[in-house]
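Geometric and topological summary
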Amino acid sequence: MTSITRSLASPKVLLRAVAWAVYIALGVGILWGVVALVRLQGPVFFLQAVLDGLRLGFVYALIALGYTMVYGIVRLINFAHGDIFMVGAFTSFYAITQYKWGFFPAILLAMFVCVLLNVVIERVAYKPLRNAPRIAALITAIGVSFFLEYFTALKWVFSADYITYQRPFKVVVWNIKGILISNITVIIVITTVLLLLILRYIVYNTRMGKAMRATALDKPTARLMGINVDGVISFTFALGAALAGAGGVLYAIAFPQIVTFMGIMPGLKAFVAAVLGGIGNIMGAFVGSLLMGMVDVLVVSFVPMGSRLRDLFAFLVLIIVFLVKPTGIFGEPEVEKV
Amino acid sequence: MRRKFSIPSWIPTVLVAAILYIGVAYARAQGKISPYWYQVAQLAAVMAISSLGLNLIYGFNGQFSLGHIGFYAVGAYGSALITKDYLTKWSGNPVGALSWIVAVQIGLLLAFFVIGRMRLGALRRKMRDALSEALKPGEIGIISAIVLLILAAAGLAIGAGASYGLHLLLVQGLGRLVAITPKPVMEQVILFLALLNGGTMAALLSYLVGLPLLRLGSDYFGIATLGFAVMMYTALQNSDMVIPTMKGARGMVGIPRWTSWPWAFGALVFSVIVMRNLVRSSHGRAMISVREDEIAAKTMGVDVNQLKTLAFTFGGFFAGLAGGLYAHLYGFLHPSTFNMVKGFDPLIIIVFGGLGSMTGTLVAAFLFTFIIEGLRVILPQGFEDWRFVIYPIFLLLIMLLRQQGLLGTSEWGWFRAPLPPAREIPVPDRTVVRQQPAAEKES
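Residues numbered from 1 in each chain as written. Chains lettered and ligands numbered in written order. Predicted model: local features only at pLDDT ≥ 70, side-chain atom pairs only at ≥ 80, totals over all residues.

Attention now moves to the overall build of chain B. Each helix and strand in chain B was counted, giving 16 helices and zero strands. Its C-alpha atoms give chain B principal-axis dimensions of roughly 90 × 65 × 45 Å. A total of 443 residues make up chain B; the buried ones form 41% of that total. (Helix = DSSP H or I, 4+ residues; strand = E, 2+ residues; numbered from the N terminus. Buried ≥ 20, exposed ≤ 12 C-beta atoms within 10 Å, placed from the backbone.)

Residue and element names in this part refer to chain A. Not every positive phi belongs to a glycine, and arginine 75 is a case in point at roughly 55°. With respect to the helices and strands, arginine 75 occurs in the loop between helix 3 (43–74) and helix 4 (81–97). With a phi close to 55°, lysine 100 is a non-glycine residue in the positive phi region. In this fold, lysine 100 is placed in the loop between helix 4 and helix 5 (103–126).

Before going further, it helps to spend a moment on helix 14 (residues 358–378) of chain B. End to end, helix 14 of chain B covers 29 Å across 21 residues, agreeing with the expected 30 Å (1.5 Å per residue, within 8%). For helix 14 of chain B, the set of buried residues is Met358(B), Thr359(B), Gly360(B), Thr361(B), Leu362(B), Ala364(B), Ala365(B), Phe366(B), Phe368(B) and Thr369(B). (Expected span 1.5 Å × (residues − 1).)

Taken together, the 37 residues of chain B in the interface contact 44 residues of chain A. For the side of chain B that touches chain A, the secondary-structure elements that each account for two or more residues are helix 6 (137–180), helix 8 (218–237), helix 13 (340–353) and helix 15 (387–401) of chain B. In terms of residue class, the side of chain B that touches chain A is built from 28 nonpolar, six polar and three charged. (Contact = placed C-beta atoms within 7 Å. Nonpolar A, V, L, I, M, F, W, Y, C, P; charged D, E, K, R; others polar.)

Counting residues in hydrophobic clusters, the biggest one holds 218 residues, and the most contacted among them are Ala64(A) and Cys114(A). Excluding residues that lie within four positions of it along the chain, Cys114(A) makes contacts with Ile84(A), Val87(A), Gly88(A), Ala241(A), Ala242(A), Ala244(A) and Gly245(A). (Core = buried A, V, L, I, M, F, W, Y, C linked by C-beta atoms within 7 Å.)

Right, let's talk about the confidence of the model for chain B for a bit. All names here are of chain B. Averaged over every residue, the pLDDT of chain B is 85; residues scoring 70 or more account for 94%. Mean pLDDT across the elements of chain B ranges from a minimum in helix 16 (residues 430–442), with 52, to a maximum in helix 12 (residues 304–330), with 93. Confidence estimates for the predicted assembly give a pTM of 0.87 and an ipTM of 0.85. (pLDDT = per-residue confidence, 0-100.)

Residues and elements named next belong to chain A. In the contact formed by helix 4 and helix 10 (residues 229–254), the axes pass within 7 Å of each other and the chain directions differ by 55°. The angle between the axes of helix 4 and helix 10 places the two elements in the oblique class. The handedness of the crossing between helix 4 and helix 10 is right-handed. Across from His81, Ile84, Phe85, Met86, Gly88, Ala89, Ser92 and Phe93 in helix 4, the residues of helix 10 making contact are Gly240, Ala241, Ala244, Gly245, Ala246, Gly247, Gly248, Val249, Tyr251 and Ala252. For the contact of helix 4 with helix 10, the per-class residue count stands at 11 nonpolar, seven polar and no charged. (Axes fitted to C-alpha atoms, helices over the stretch in contact; angles between N-to-C directions. Parallel < 35°, antiparallel > 145°, perpendicular 65-115°, else oblique. Left-handed = near helix turned anticlockwise from the far one by under 90°.)

A few words now on the packing of helix 13 of chain B against helix 14 of chain B. Residue and element names in this part refer to chain B. One way to put it is that helix 13 packs onto helix 14 with a least axis distance of 8 Å and a crossing angle of 125°. Considering their axes alone, helix 13 and helix 14 lie oblique with respect to each other. Note on packing geometry: the crossing formed by helix 13 with helix 14 is right-handed. Judged by residue contacts, Ile349, Ile350, Phe352 and Gly353 of helix 13 engage Gly360, Thr361, Val363, Ala364, Ala365 and Phe368 from helix 14. Residues belonging to the contact of helix 13 with helix 14 are distributed by class as follows: seven nonpolar, three polar and no charged.

See the structure below:
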């Protein structure tokens with residue numbers, strides 16, 4: 001009995017109680033925040049926002065995967081990736097409006113065109129710089145990005161105007177106890193999940209995927225093992241471009257207004273999402289993108305003037321994650337080798 | 001060893017600078033160049049200052065920063081607020097904004113000083129030692145972080161109080177100064193103070209941003225600073241919610257167009273001298289050692305974090321100075337001037353000129369600005385849209401043909417480090433050195 005009272009009074013237990021109080025306060029604070037968000041506009045509004053956030057996040061995921069794979073293999077921030085996404089949206093626009101193609105042929109065509117474009121870009125612009133300092137390749141990527149944006153903005157290419165995108169199917173909206181789900185959301189989620197499963201199969205269950213992982217791990221050794229490293233890099237660019245093309249079509253279907261500069265902001269957000277999840281990590285890119293989409297939509301829904309401040313919050317999340325975990329959520333800590 | 005006689009390296013450098021300065025000033029006075037090209041020359045000087053700052057951060061210290069444009073924007077808006085306030089008295093007093101900005105900066109510095117004096121690191125270590133028996137490391141971290149935050153908040157409160165008092169004093173003093181000084185002189189003084197303020201504001205902000213972010217790895221730091229630049233851009237678009245006269249996305253108008261070629265060129269010369277002397281000092285050499293190999297530098301006793309912060313702060317100062325000049329060059333500021341695409345300009349300039357070469361940066365900044373503006377003139381009618389199609393092709397060709405930039409890391413004239421006179425170093429007798437290990441083996 002005495003030992004219990006003594007141990008209760010000891011500084012060790014008291015301090016532990018303080019620590020637990022802090023933990024509980026933090027937990028209650030987070031819970032209170034979520035509850036306050038729910039109560040602010042009602043649970044329906046909250047769930048609707050979460051759902052819209054997930055929809056945006058799935059589109060971001062398609063772009064982010066291209067960034068993360070390319071970075072994982074050649075350590076290049078491919079700034080032109082957002083413009084590949086734009087080209088995908090425009091290709092499907094022409095296929096749908098001018099040639100009356102359906103959704104599936106259009107998305108396949110967009111993916112094919114993007115793959116072709118990205119492989120050509122890789123061969124022309126990045127391959128000669130394989131052994132150059134990394135900054136040279138980065139500047140080249142910026143140059144390619146400018147070129148794609150301004151070249152396609154010429155009058156006889158895509159023109160610099162905002163174009164209204166025609167959806168290849170009728171929009172159907174289901175009302176489930178107040179939560180609105182349109183067939184756009186369903187299509188986005190199904191397409192994205194399908195593409196992600198295919199990607200996962202390619203990366204983890206095929207010879208090419210094995211070669212990709214080996215190249216990402218150690219390029220010179222991979223070459224010594226008889227892997228065609230240049231081919232693997234081209235294949236990675238192609239894979240990323242295919243996903244970005246599909247992402248462009250889905251983005252244009254969800255937000256039906258396209259312009260040649262539309263790739264900049266989603267591209268940047270997706271890239272940030274890839275970094276957030278730990279760059280070079282496919283799972284991380286997916287989770288980071290969902291988080292990014294949620295932050296985007298939740299800020300717009302709940303913060304006053306949120307639609308004007310959404311980019312600020314998106315990057316604030318990035319910086320906070322960096323401060324807590326400098327290599328992203330799923331990133332492995334950088335090892336300093338001497 | 002006798003040194004050969006040669007011309008001191010500063011003479012040709014000063015000559016080139018003088019020819020450039022007098023040439024532009026003379027051509028303008030004679031009407032040989034239009035006001036437009038006169039402005040372009042000033043813009044080139046502004047770009048050169050900003051790029052020098054980035055070259056200090058990336059070229060000399062090796063910290064890959066994509067957020068330079070954010071500091072440029074802070075300098076531009078910060079200095080424009082002061083001069084606009086002087087002209088239109090939107091804060092009620094011609095020097096209201098100036099005294100506020102100065103007072104807040106000094107208050108912040110005071111707060112840092114107080115927080116530094118508190119020795120938070122030592123306190124934290126003491127707490128950790130005292131609590132290490134009772135608690136887990138994570139819990140100690142949380143508790144000590146809370147204590148440190150409270151102490152830091154106290155320091156900030158002291159700074160805020162001090163800055164409020166200082167503001168009251170400054171309004172009085174500066175108001176008197178404005179009353180007694182003739183107007184043309186006062187305008188120049190205000191411009192000088194505004195430019196200085198733009199620089200110090202940007203420097204202070206870059207110190208604050210750099211403090212937590214500089215410990216990230218190279219690419220992660222670049223991305224975080226890119227995030228900072230985008231945040232800055234968004235904040236500027238909504239700046240009218242805080243300061244109505246900044247006008248947010250509509251663009252800030254009514255800034256006096258006081259920047260002239262002497263101002264722009266003078267600021268460039270000032271930046272070049274500061275930068276050159278900084279880079280050639282022992283601190284500068286330590287900075288370069290951080291770029292070459294951080295771990296090796298650490299092993300040699302270089303305070304890596306301090307030097308990174310130093311370089312980042314100086315770079316921010318130059319960016320802010322350039323921003324202030326830019327604001328008073330065109331008299332109109334819009335957030336889209338400071339968007340990400342424009343933010344790549346200084347990076348492109350320093351890579352084009354050669355990372356770690358001041359001469360290269362200066363040449364590249366002038367070439368870059370004149371090429372971008374020259375394309376407007378050269379391209380025939382109906383091909384204006386092609387400007388930004390041709391420019392990336394240039395960029396690609398340069399990167400494919402010359403990856404180390406125009407000058408690499410080499411310098412010209414006065415920028416080159418003066419070589420110390422050759423010393424007679426006693427050479428040990430090689431034969432003895434060679435024989436020794438053999439002798440050891442035998443025994």
